Number of protein chains: 2
Amino acid sequence: MTPQRELIARTFFRNKGHVSAEDIYKQVQKRAPRIGFATTYRTMKLLSEAGVASLRSFGDGFSRYEPALRTDHHDHLICTQCGHIIEFEDDRIESLQKTVARKHGFRVTDHKLELYGICSHCRNTKK
Amino acid sequence: MTPQRELIARTFFRNKGHVSAEDIYKQVQKRAPRIGFATTYRTMKLLSEAGVASLRSFGDGFSRYEPALRTDHHDHLICTQCGHIIEFEDDRIESLQKTVARKHGFRVTDHKLELYGICSHCRNTKK
DNA sequence: CAGTTTAATGCAAATGATTATCAATGTCAA
DNA sequence: TTGACATTGATAATCATTTGCATTAAACTG
Ligand SMILES: [Zn+2]
Ligand SMILES: [Zn+2]
Ligand SMILES: [Zn+2]
Ligand SMILES: [Zn+2]
């Protein structure tokens, strides 16, 4: 554990999740301008390999990280206008997914459910 | 509508869907080696803008296209071992998604549900 | 037809997020 | 101190996709 890694990890956990590597890099830059993005990427990969961060890739070209509490699984509602992300969890959907997979002979190891749309805030300020 | 575009479109529709741009490019190459991949990409973008192809991005680094029949929506089961993709549709999941979105004040315009796992074929030949 | 405009092609170079390379620096135990 | 050994950070490489641009071809015009 080096000072660079510690700063990067701290910065990551200070966020609320769904942070891109560049986000973290820019935040880290303010405290320690000498840290390069290579170290940022490497550290985030380490964190996700260690299981404390999990990698998400939404539609846009970026990889996002969020803290992995391990216990809580959740899916995402994403506002295509302002980028706001809401997390949710629905046990009925989860179990229906398992049913569907079983029906097709799949053993599911992972899944991704993302609902894209317009959040209430953007809908109200729209017109 | 140019001959190049026609060949690319025909080639695309000859496939069963979930085709990468490179797949199409390579198939087109056999019939018309002079066609460049720029034209392939451009034409696929045109097709998806025209609504006859829809763009999917699964976890791997590739953009995939599939014919957009407009009437049928479906989600995907993806084997992480052999890459095989099964399409499915579950009305109960769909309606639960709408319920969840409504609960959070979202108006959903699109969604993505992908189940990753091991298909029955790969499970049987595994050991 | 000849001439002019316009769009489409295809090669090569650019893009942009991520990864690999590698010399320089730090760590630590013998 | 010496020598493994790991880590850093600047830079170059990667790789799917886009873009710039000169060339070709089609579509009008008369
Ligand atoms: Zn919004
Ligand atoms: Zn989340
Ligand atoms: Zn399989
Ligand atoms: Zn499909």
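Computed from a predicted model, the values in this text were never measured in an experiment.

J.: Is there a simple way to think about the layout of surface pockets in this case?
T.: A water-sized probe rolled over the atoms picks out the places where empty space is left. Estimates place the volume of the largest pocket at around 540 Å³. Mapped by element, the contributors of at least two residues to the lining of the largest pocket are β2 (53-56), β3 (64-67), β4 (75-79) and β6 (107-118) of chain B. Residue contributions to the lining of the largest pocket peak at 6 residues, all from β6(B). Tallied by class, the residues present in the lining of the largest pocket amount to 7 nonpolar, 8 polar and 8 charged. Its boundaries defined by the atoms lining it, the second largest pocket holds a volume of some 320 Å³. Lining the second largest pocket we find 16 residues, and of these A:L55, A:R56, A:D110, A:H111 and A:K112 sit closest to its centre. Secondary structure elements with two or more residues in the lining of the second largest pocket: β2 (53-56), β4 (75-79) and β6 (107-118) of chain A. Among the elements that line the lining of the second largest pocket, the one with the most residues is β6(A), at 5 residues. Of the residues that constitute the lining of the second largest pocket, the class distribution is 4 nonpolar, 7 polar and 5 charged.

J.: Help me understand the sheet that holds β2(B) in this model?
T.: Each strand in a sheet pairs with another by means of backbone hydrogen bonds, the pair being arranged parallel or else antiparallel. Residue and element names in this part refer to chain B. Across the sheet, 3 strands lie side by side as β1-β3-β2; this open sheet has antiparallel pairing. A strand with exactly one partner marks an edge of an open sheet, and here the two such strands are β1 (19-20) and β2. Alignment of β1 against β3, held across 2 bridges, turns out to be antiparallel. Bridge assignment links S20 to a residue of β3, and that residue is R64.

J.: Would you explain the protein's contact with DNA strand C in this entry?
T.: Every one of the 17 residues lining DNA strand C counts as a neighbour, but A:Y41, A:S63, B:T2, B:R34 and B:R42 are closest to it. For DNA strand C, the backbone makes up 74% of the atoms found within 4 Å of the protein, where backbone means sugar plus phosphate. In the environment of DNA strand C, a base nitrogen lies 2.4 Å from a nitrogen or oxygen atom belonging to the side chain of B:R42. Secondary-structure elements contributing two or more residues to the surface near DNA strand C are α3 (37-50) of chain A together with α1 (3-14) and α3 (37-50) of chain B. Counting residues per element, the surface near DNA strand C draws most heavily on α3(A), at 5 residues. The residue inventory of the surface near DNA strand C, partitioned by class, reads 6 nonpolar, 6 polar and 5 charged.

J.: Looking at this structure, how should I read the coordination of the zinc ion (ligand 4)?
T.: Ideal coordination angles are 109.5 degrees for a metal with four donors arranged tetrahedrally and 90 or 180 degrees for a metal with six donors arranged octahedrally. Residue and element names in this part refer to chain B. Within the protein, H18 (NE2), E66 (OE), H74 (NE2), H76 (NE2) and E87 (OE) serve as the donor atoms for the zinc ion (ligand 4), at 2.0 to 2.2 Å. For the zinc ion (ligand 4), the donor residues sit on a single chain with the sequence spacing H-x47-E-x7-H-x1-H-x10-E. Placement of H18 in the loop between α1 and β1 and of E87 in strand β5 (residues 85-88) is noted, with a sequence separation of 69 residues between them.

J.: It is not clear to me how the domain arrangement of chain A should be interpreted in this structure. Could you clarify?
T.: Where the parts come together, the accessible area they lose is often given as the size of the interface. All names here are of chain A. Assigned domains within chain A: domain 1 (3-67) and domain 2 (75-125). Centre-to-centre separation of domain 1 and domain 2, based on C-alpha positions: 24 Å. The interface is formed by 6 residues belonging to domain 1 together with 7 residues belonging to domain 2. Both sides together, the interface formed by domain 1 and domain 2 hides about 500 Å², and carbon and sulfur atoms give 53% of it. Among the residues domain 1 hides against domain 2, the three largest losses belong to H18, S57 and F58. Together they make up 74% of the total. On the surface where domain 1 and domain 2 come into contact, there are 0 salt bridges. At the junction of domain 1 with domain 2, the criterion picks out 3 residue pairs in polar contact (both at pLDDT 80 or more). A class-by-class count of the residues in the side of domain 1 that touches domain 2 yields 1 nonpolar, 3 polar and 2 charged.

The rules we used
- Residues numbered from 1 in each chain as written.
- Chains lettered and ligands numbered in written order.
- Predicted model: local features only at pLDDT ≥ 70, side-chain atom pairs only at ≥ 80, totals over all residues.
- Heavy atoms only, no water.
- 1 Å grid on protein atoms, 1.4 Å probe; cavity = no way out; pocket = protein on both sides within 12 Å on 5 of 7 lines; lining within 4 Å.
- Points joined across faces, edges and corners; volume = space filled by probe spheres on them.
- Helix = DSSP H or I, 4+ residues; strand = E, 2+ residues; numbered from the N terminus.
- Nonpolar A, V, L, I, M, F, W, Y, C, P; charged D, E, K, R; others polar.
- Pairing = 2+ DSSP bridges.
- Near = heavy atom within 4 Å.
- Polar contact = N/O pair within 3.5 Å; in protein donor to acceptor, adjacent residues only side chain to side chain.
- Donors = N, O, S within 2.8 Å, 3.2 Å for Na, K, Ca; no water.
- Domains from an automatic or database assignment.
- Contact = heavy atoms within 4.5 Å.
- Buried area = accessible area lost by both parts, 1.4 Å probe.
- Salt bridge = Lys/Arg side-chain N within 4 Å of Asp/Glu carboxyl O.

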